[in-house]
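Structural characterization, general
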Number of protein chains: 2
Amino acid sequence: MKKAAESGEHDGYDLRRVQTTATYTFQNQQGWRRWRMLRPGLGMYHDVKRRLPYYWSDITDAWTYRTFASTVRILLPAIAFTLDMYRRTGEFYGINEALFASALAAMVFSILACQPLTIVGVTGLIALFNYTIYDIVGQYDISLYPQVMAWTGIWAAIFHWIVALLNLSDYMGYITDFSSESFGMYVGIIYMIKGVEELVNEFEVAGDAAGYLSCVIAILYFGSIYGLEKLGNSVLWKPWFRGILADYAYVFPTLFWVGFAHIPGHLRNADMTYVPTTRAFYPTQPRNWVIDFWNLPVTWIFVSLPFGFMTMLLFYYDHNVSSLTAQARQFPLKKPAGFHWDFFLLGCTTFVAGIIGLPMPNGLVPQAPVHTDSLTNYETRLDVIKTRDHEISEIRKPLTEATAVVEQRVSHFLMGLALWGTMTGPLLIVLHTMPAAVFAGVFFVVGWGSIESNGILQKLIFLNSERRFLAIENPLNEVPRKKIGLYIALQILGVAVAVAISQTIAAIGFPVLIIALIPLRTFLMPRWFSTHELSVLDALTANNRTVLASLGGRPAKMDEYNEDASEDEIDRAEEAGGVADGQESYIQRQRSRSAVRQRMGSITRATAHKIGSHSLGEGTR
Amino acid sequence: MKKAAESGEHDGYDLRRVQTTATYTFQNQQGWRRWRMLRPGLGMYHDVKRRLPYYWSDITDAWTYRTFASTVRILLPAIAFTLDMYRRTGEFYGINEALFASALAAMVFSILACQPLTIVGVTGLIALFNYTIYDIVGQYDISLYPQVMAWTGIWAAIFHWIVALLNLSDYMGYITDFSSESFGMYVGIIYMIKGVEELVNEFEVAGDAAGYLSCVIAILYFGSIYGLEKLGNSVLWKPWFRGILADYAYVFPTLFWVGFAHIPGHLRNADMTYVPTTRAFYPTQPRNWVIDFWNLPVTWIFVSLPFGFMTMLLFYYDHNVSSLTAQARQFPLKKPAGFHWDFFLLGCTTFVAGIIGLPMPNGLVPQAPVHTDSLTNYETRLDVIKTRDHEISEIRKPLTEATAVVEQRVSHFLMGLALWGTMTGPLLIVLHTMPAAVFAGVFFVVGWGSIESNGILQKLIFLNSERRFLAIENPLNEVPRKKIGLYIALQILGVAVAVAISQTIAAIGFPVLIIALIPLRTFLMPRWFSTHELSVLDALTANNRTVLASLGGRPAKMDEYNEDASEDEIDRAEEAGGVADGQESYIQRQRSRSAVRQRMGSITRATAHKIGSHSLGEGTR
């Protein structure tokens with residue numbers, strides 16, 4: 001549309017960004033100024049100062065088709081993830097609570113956040129938290145559960161505010177793919193398990209016929225979305241048509257399979273369970289919205305403190321990694337990040353959610369990067385590789401390039417509006433037509449998306465590929481294979497332990513485990529791996545300049561990614577991540593620099609493109 | 001093992017083959033000798049004379065692992081296709097009859113055939129025939145069905161012998177991919193429909209829970225085999241391990257899913273139907289093995305004549321195309337073909353099957369080419385494509401080459417033995433443990449295999465691909481896109497009409513339709529397409545020299561494939577068939593010359609390789 005004007009404006013952004021980057025850092029400071037905790041609120045102040053000038057553009061930039069497509073694309077998974085938890089918390093957290101929490105968070109973050117691209121909602125992990133606490137409290141006196149959860153929220157909020165004030169989000173700069181890949185894999189596995197649990201529940205509640213039918217629908221729903229995304233990223237048809245397939249990959253199959261489930265006869269008679277809904281705008285349980293948290297015995301108030309701390313720890317990692325990946329380097333972002341301010345805001349929503357008895361919302365992995373991805377304009381270019389001394393004179397490859405991101409806060413706001421709408425009576429009835437099986441399918445899609453492109457799996461494939469077919473340019477060749485094996489073995493161990501304890505009452509401890517991977521990487525792993533090896537195997541998850549600005553610059557003590565490293569070296573380290581064993585994808589990676597996206601394991605467009613264009617474009621030949 | 005000795009022997013084969021090729025032809029003959037019908041038995045005589053010298057080597061060559069793997073690989077689908085027909089012929093053709101027919105045919109053809117690679121058994125099409133005749137006879141007097149079928153077999157046998165004696169199989173030389181692709185697509189669709197029918201029956205007979213569970217098992221069984229074949233043809237692990245995955249792609253999933261179906265609890269309680277078995281070695285109905293065909297009223301004997309003629313027409317096409325594709329050019333075969341003799345033999349088995357009330361066996365599409373494929377030693381070589389002026393210096397591709405085929409008659413014989421074994425009491429009990437759902441899955445695997453790699457679909461993909469990504473070397477570029485569209489439109493029309501009438505009582509007429517495609521191609525299409533266009537779009541299905549020897553040389557009147565055409569031109573025409581839009585597969589095709597295999601639409605190793613190596617090797621990166 002007004003491309004020239006926009007690009008001119010973007011150049012303006014760049015200039016301003018450089019200025020603000022310089023203003024917030026604790027490196028090269030003297031005396032007490034070096035200690036970030038002694039300068040409370042500095043990060044938040046700079047976050048707001050840095051972002052505020054862009055506020056108006058966040059609204060004016062939004063009037064494009066991509067904003068609409070993105071809202072549609074992310075809405076369904078967002079609703080899906082509100083549907084868990086109902087059964088396992090004694091029906092305390094119902095659909096109304098989950099919708100309310102998501103809607104509240106979407107409103108607050110779309111209007112007030114520094115990072116409006118970070119989609120906020122109810123995750124599978126907080127569900128896990130909530131029912132683990134339910135189980136713990138249930139061992140003593142289950143009637144205290146609402147108040148305990150309220151105090152968990154209050155304590156968590158307090159810890160959030162402390163972290164935000166003391167600029168502790170800066171340490172997110174130390175997060176590398178080592179831990180974020182592990183986290184992505186963990187989340188993927190948990191979602192797959194949740195999908196299976198949803199189906200198992202169907203057998204228990206609705207009987208065998210409904211159970212097996214749910215399996216069929218979940219599998220075919222998964223296959224439909226997966227297939228549409230692959231088709232949308234093949235080289236079939238025109239780019240605009242492929243774009244529609246990819247943008248509405250969730251919408252078409254959802255409409256189809258929900259309709260399918262209601263066909264009279266065998267299907268209808270199977271009597272599957274549907275989304276359980278209750279009276280609009282009222283809590284699921286007969287209670288007031290505000291929980292009487294003042295009635296909790298003091299002992300229990302203090303019992304809630306570790307719960308609150310763990311919640312903060314979970315959100316510290318989960319929410320910030322969502323923001324990091326939603327603003328990863330492969331997205332050509334122009335507007336600055338703001339981790340401190342957003343974490344403060346998250347404290348506020350956590351507080352409100354706590355005292356009115358909602359599941360606490362936070363940043364969604366992998367939906368947040370998928371959201372940014374669906375806001376990105378991609379261009380599929382033609383890469384012609386001329387050959388030498390070969391019967392084929394040239395090879396033609398599709399090459400996907402991200403040209404721009406529609407950076408705005410309207411899509412998140414619209415999502416919030418849609419969620420409010422869903423809370424009304426008429427739309428609750430529509431929601432009630434959706435069989436639980438469809439949501440099992442959504443769990444599979446999102447979970448598998450997080451696993452398929454995960455760096456752990458990619459490195460495993462690299463190690464298991466026949467060596468002669470490995471691309472000679474692949475940086476992983478520079479690392480001894482045993483070291484690659486050790487590296488992913490550490491990741492897999494972390495994931496396995498986290499998944500295992502998630503199945504027990506110790507589940508509440510898993511954030512400690514995930515976060516423990518960061519010091520392991522920072523302090524212990526440099527003893528086992530050379531600097532060069534680490535630079536090939538790993539990469540900073542926060543490597544986008546607009547992101548580092550909010551974290552006080554590149555982290556110290558990470559020799560392999562120090563600030564003196566030339567751009568080329570950093571690029572090189574980055575490319576190593578999304579390991580591949582054929583040059584086609586290597587070429588694409590080198591160009592589109594989307595290794596990080598791949599590593600975080602989201603089913604983003606470009607990832608799907610890489611997979612799709614090859615498997616479909618070539619596979620069906 | 002004794003590679004040097006073998007290759008020496010093969011050179012000997014070549015010499016002898018050239019001699020025998022020269023002996024059987026009607027081209028360049030004078031006077032009455034030009035008319036093939038006037039020299040009855042000449043084709044059969046030369047078939048036997050040509051093949052007999054190899055008989056001993058057919059046994060001695062067999063002592064390799066590939067023979068075993070091939071027997072295992074083809075056995076399961078062979079059994080699967082014996083299980084249809086039971087319900088829709090008033091339980092006249094039961095499992096015992098189908099096994100008996102397959103075992104009989106396997107014995108006769110493995111011992112006496114000139115083309116022991118052509119796997120013979122009970123097909124879905126003869127099932128369609130049998131129940132269509134059942135429906136027709138049922139409109140008058142269903143008690144006559146056994147005798148009508150006996151006479152159908154007798155008449156069919158007589159027509160077989162006439163065709164064999166008058167050397168009419170020579171006209172198989174006129175079959176091009178135009179009709180054989182259409183036939184492959186038709187067979188694929190019919191098998192998919194049969195899979196669905198199998199599942200629908202489950203709902204009717206065993207209820208909803210069993211029905212939905214069967215759907216789940218069929219889908220996952222299909223996915224398991226498909227996935228294993230893809231993995232087996234990726235670049236993961238060592239070649240020998242991939243080989244095992246591909247060789248036993250049917251075995252592992254079958255064992256797993258059959259076991260799965262018997263897990264006590266929800267699965268067992270679903271009460272699915274299993275393979276219906278009756279007393280070993282006895283006919284399913286209380287009758288003697290020999291049918292009292294002499295008791296049929298004379299009117300009905302003559303009513304059976306058109307049924308018999310149609311059966312012959314079906315087998316003329318189906319059996320011979322099975323032989324053609326089992327001996328297609330991409331297989332480096334050394335031993336000569338023998339169409340006339342084998343068709344005579346097929347008359348004999350048809351006769352026997354008719355009078356003892358068995359479904360009449362014939363060549364299996366697509367199992368026959370899959371069988372040859374599983375007997376082929378493939379080598380995955382490395383193709384390094386050096387590039388010019390590109391950031392990537394080289395591209396590494398796996399390149400699969402067929403190095404040799406274990407040409408023997410032992411695998412077919414072992415298959416026959418295994419089928420006899422299955423007819424005994426103990427193994428019938430094992431067979432009875434297999435749920436019908438597994439066979440629905442087999443139908444999907446075989447059916448989809450016939451569709452996925454079919455030339456019609458490939459040309460459709462070519463037309464629908466974005467043009468800029470099409471390989472410039474692709475010969476299809478030389479044909480106007482409208483002409484390609486017209487070409488596949490004609491094919492699709494043929495397939496659609498054939499599928500449509502297969503659902504009606506007119507199903508018995510479908511062989512006429514399929515065979516009508518041959519004169520359409522030979523006489524009408526040269527008016528609509530230029531010689532060059534046809535040479536790009538189409539290719540002779542019988543283009544292997546060892547095959548043409550038995551058909552009296554290359555057919556006349558096919559200008560685009562005349563005998564004067566240089567080898568290069570023929571190769572070129574061939575390559576055009578398995579149309580692709582990227583050069584990778586084009587390269588492979590150019591080397592491995594497996595276009596025909598692709599076009600016939602079998603899930604052969606090399607096809608799967610092409611698909612698998614790309615979608616998996618690159619897809620999962």
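Basis of the calculations
Residue numbering note: each chain is counted from 1, following its sequence as written. Here chains are named by letter from A upward and ligands by number from 1 upward, in the order in which they appear as written. Per-residue local features are limited, in this predicted model, to residues with pLDDT of at least 70; the limit for side-chain atom pairs, both in listing and counting, is 80 or more; totals at the level of whole chains, interfaces and linings are taken over all residues. Hydrogens and waters are ignored; side-chain quantities use all the structure's heavy atoms. Counting from the N terminus, the helices are DSSP H or I runs at least four residues long and the strands are E runs at least two residues long. Any pair of N or O atoms that falls within 3.5 Å is considered a polar contact. Within protein, one atom must be able to donate a hydrogen and the other to accept it, and sequence-neighbouring residues count only if both atoms are side-chain atoms. By the convention used here, residues are in contact when the closest approach between their heavy atoms is within 4.5 Å. UniProt positions are given in the numbering used here, feature names are shortened, and annotations may be inferred rather than shown by experiment. Relative accessibility under 20% of the residue-type maximum defines a buried residue, over 50% an exposed one, and the middle range a partly exposed one, all with a 1.4 Å probe and only protein chains included. By convention in these notes, a salt bridge is any Lys or Arg side-chain nitrogen within 4 Å of a carboxyl oxygen on Asp or Glu. Buried residues of nine kinds, namely Ala, Val, Leu, Ile, Met, Phe, Trp, Tyr and Cys, make up a nonpolar core once their side-chain atoms join them within 4.5 Å. Helices are assigned an expected span. That span is 1.5 Å times one less than the residue count. Criterion used throughout: strands pair if DSSP finds at least two bridges between them. Pairing of aromatic side chains requires ring centres within 6.5 Å, counting the rings of Phe and Tyr and the six-membered ring of Trp. Pairs whose planes differ by under 30 degrees are stacked, by over 60 edge-to-face, and all others tilted. Axis lines are fitted to C-alpha atoms, over the contacting stretch for helices. Their N-to-C directions set the angle, which ranges from 0 to 180 degrees. We call two directions roughly parallel when the angle between them is under 35 degrees, roughly antiparallel when it is over 145, roughly perpendicular when it lies between 65 and 115, and oblique otherwise. Two helices crossing with the near one rotated counterclockwise from the far one by less than a right angle form a left-handed crossing, whereas a clockwise rotation gives a right-handed crossing. In the scheme used here, Gly and all other residues not listed as nonpolar or charged are polar, with Ala, Val, Leu, Ile, Met, Phe, Trp, Tyr, Cys and Pro taken as nonpolar and Asp, Glu, Lys and Arg as charged.

1. Brief notes about the side chain of B:Arg287
Residues and elements named next belong to chain B.
- Considering the arrangement of structural elements, one finds Arg287 in the loop between helix H12 (266–269) and helix H13 (298–326).
- Of the polar contacts made by the side chain of Arg287, one reaches the backbone oxygen of Ile356; its length is 3.2 Å.
- Once you skip the residues sitting within four places of it in the chain, Arg287 turns out to touch Phe92, Glu97, Ile356 and Gly357.

2. Observations concerning the UniProt feature "domain: Bicarbonate transporter-like transmembrane" (unreviewed entry) in chain A
- The feature "domain: Bicarbonate transporter-like transmembrane" (unreviewed entry), as given by UniProt, occupies residues 42–204 and 212–540 of chain A in the numbering adopted here.
- Regarding residues 212–540 of chain A, the helix share stands at 60% and the strand share at 8%, and the terminal C-alpha atoms are separated by 44 Å.

3. Digging into the environment of A:Ile175
All names here are of chain A.
- Locating Ile175 in the fold gives a position in the loop between helix H7 (145–165) and helix H8 (177–206).
- For Ile175, a relative accessible area of 0% corresponds to the buried category.
- Taking C-alpha positions, Ile175 is 9.6 Å from Leu324, a pair spaced 149 residues apart along the chain.

4. Section: the pattern of salt bridges
All names here are of chain B.
- This structure, assessed with the given rule, holds 24 salt bridges over all chains.
- A salt bridge links Glu181 to Lys459, with the shortest nitrogen-to-oxygen separation between them at 3.9 Å. Of this pair, Glu181 sits in helix H8 (residues 177–206) while Lys459 is found in helix H19 (residues 455–464), placing the two residues 278 residues apart along the sequence. Taken as a pair, Glu181 and Lys459 share a single burial class, namely buried.
- Residue Asp538 is joined to Arg521 by a salt bridge in which the shortest nitrogen-to-oxygen separation is 2.4 Å. Of this pair, Asp538 sits in the loop between helix H22 (531–537) and helix H23 (545–548) while Arg521 sits in helix H21 (residues 510–528), and the two are 17 residues apart along the sequence.

5. Structural notes on unusual backbone geometry
Residues and elements named next belong to chain A.
- Of note, Asn167 is a non-glycine position whose phi angle comes to about 60°, a positive value.
- Inspection of the secondary structure assignment puts Asn167 in the loop between H7 and H8.
- Given the relative accessible area of 0%, Asn167 is considered buried.

6. Side note on the UniProt feature "transmembrane region" (unreviewed entry) in chain A
All names here are of chain A.
- The positions UniProt marks with the feature "transmembrane region" (unreviewed entry) are residues 98–128, 148–168, 209–228, 240–263, 298–317, 338–358 and 427–451.
- Counted over residues 98–128, helix gives 65% and strand 6%. Its end C-alpha atoms are 14 Å apart.
- Structurally, residues 298–317 comprises 100% helix and 0% strand, and the distance from its first C-alpha atom to its last is 29 Å.

7. Focus on the nonpolar core
- Judged by nonpolar contacts, the single largest core of 277 residues is most densely connected at A:Phe183, A:Tyr186, B:Phe183 and B:Tyr186.
- In this view, A:Tyr186 contacts A:Leu125, A:Leu128, A:Val495, A:Ala498, A:Val499, A:Ser502 and A:Phe510; residues no more than four positions away in its chain are not counted.

8. What about helix H14 (residues 339–355) of chain A?
Residues and elements named next belong to chain A.
- An ideal rise of 1.5 Å per residue puts 24 Å on 17 residues; H14 measures up with 25 Å between its terminal C-alpha atoms.
- With twelve of 17 residues buried, H14 is to be regarded as a mostly interior element.
- Among the residues of H14, those classed as buried are Phe339, His340, Asp342, Phe343, Leu345, Leu346, Gly347, Thr349, Thr350, Ala353, Gly354 and Ile355.
- Packed against the buried residues of H14 are helix H2 (42–51), helix H5 (95–112), H7, helix H13 (298–326), strand E2 (362–363) and helix H23 (545–548).
- Note on H14: the residue one or two positions beyond its end, Gly357, has a positive phi of about 70°.

9. Examining the pairing of strand E4 (residues 394–405) of chain B
Residues and elements named next belong to chain B.
- Relative to E4, strand E3 (residues 376–388) runs antiparallel, the two being bridged by eleven bridges. Bridging across to E4, Thr376 finds its partner in Val405.
- In sequence, E3 turns back onto E4 through a hairpin of five residues, with Asp389 there showing a positive phi of about 50°.

10. Focus: the packing of aromatic side chains
- Summed over all chains, the structure comprises 62 aromatic pairs over all chains.
- Where B:Phe129 meets B:Phe510, the ring centres are 6.1 Å apart and the plane angle is 80°; that geometry is what we call edge-to-face. In this pair, B:Phe129 is assigned in helix H6 (residues 124–138) and B:Phe510 in helix H21, connecting sequence segments 381 residues apart. There is no split in this pair, since B:Phe129 and B:Phe510 are both buried.
- For the ring pair B:Tyr316 and B:Phe343, a centre distance of 5.8 Å and an interplane angle of 85° mean the geometry is edge-to-face. In this pair, B:Tyr316 is assigned in helix H13 and B:Phe343 in helix H14 (residues 339–355), connecting sequence segments 27 residues apart. With respect to class, B:Tyr316 is no different from B:Phe343; both count as buried.
- Within the aromatic cluster, the residues linked to one another by ring pairs are A:Trp151, A:Trp155, A:Phe293, A:Trp294 and A:Phe302.

11. A closer look at the sheet that holds strand E3 (residues 376–388) of chain A
- Ordered by their spatial adjacency, four strands build an open sheet running E4(A)-E3(A)-E3(B)-E4(B), and the pairing between neighbours is antiparallel. Strand pairing shows two members of the sheet lacking a second neighbour, strand E4 (394–405) of chain A together with E4 of chain B, which therefore form its edges. Sheet twist, expressed as the average angle between the axes of neighbouring strands with direction ignored, equals 45°.

12. Focus on the packing of helix H20 (residues 481–502) of chain B against H21(B)
All names here are of chain B.
- Relative to each other, H20 and H21 sit at 165°, their axes nearing to 10 Å. Here H20 lies roughly antiparallel to H21, going by the angle between them. Here H20 runs over H21; the crossing is right-handed. Residues Lys483, Leu486, Tyr487, Leu490, Val497, Ala498, Ile501 and Ser502 of H20 form the contact with H21, whose own contacting residues are Phe510, Leu513, Met525 and Trp528.
- Taken together, the residues of the contact of H20 with H21 break down into ten nonpolar, one polar and one charged.

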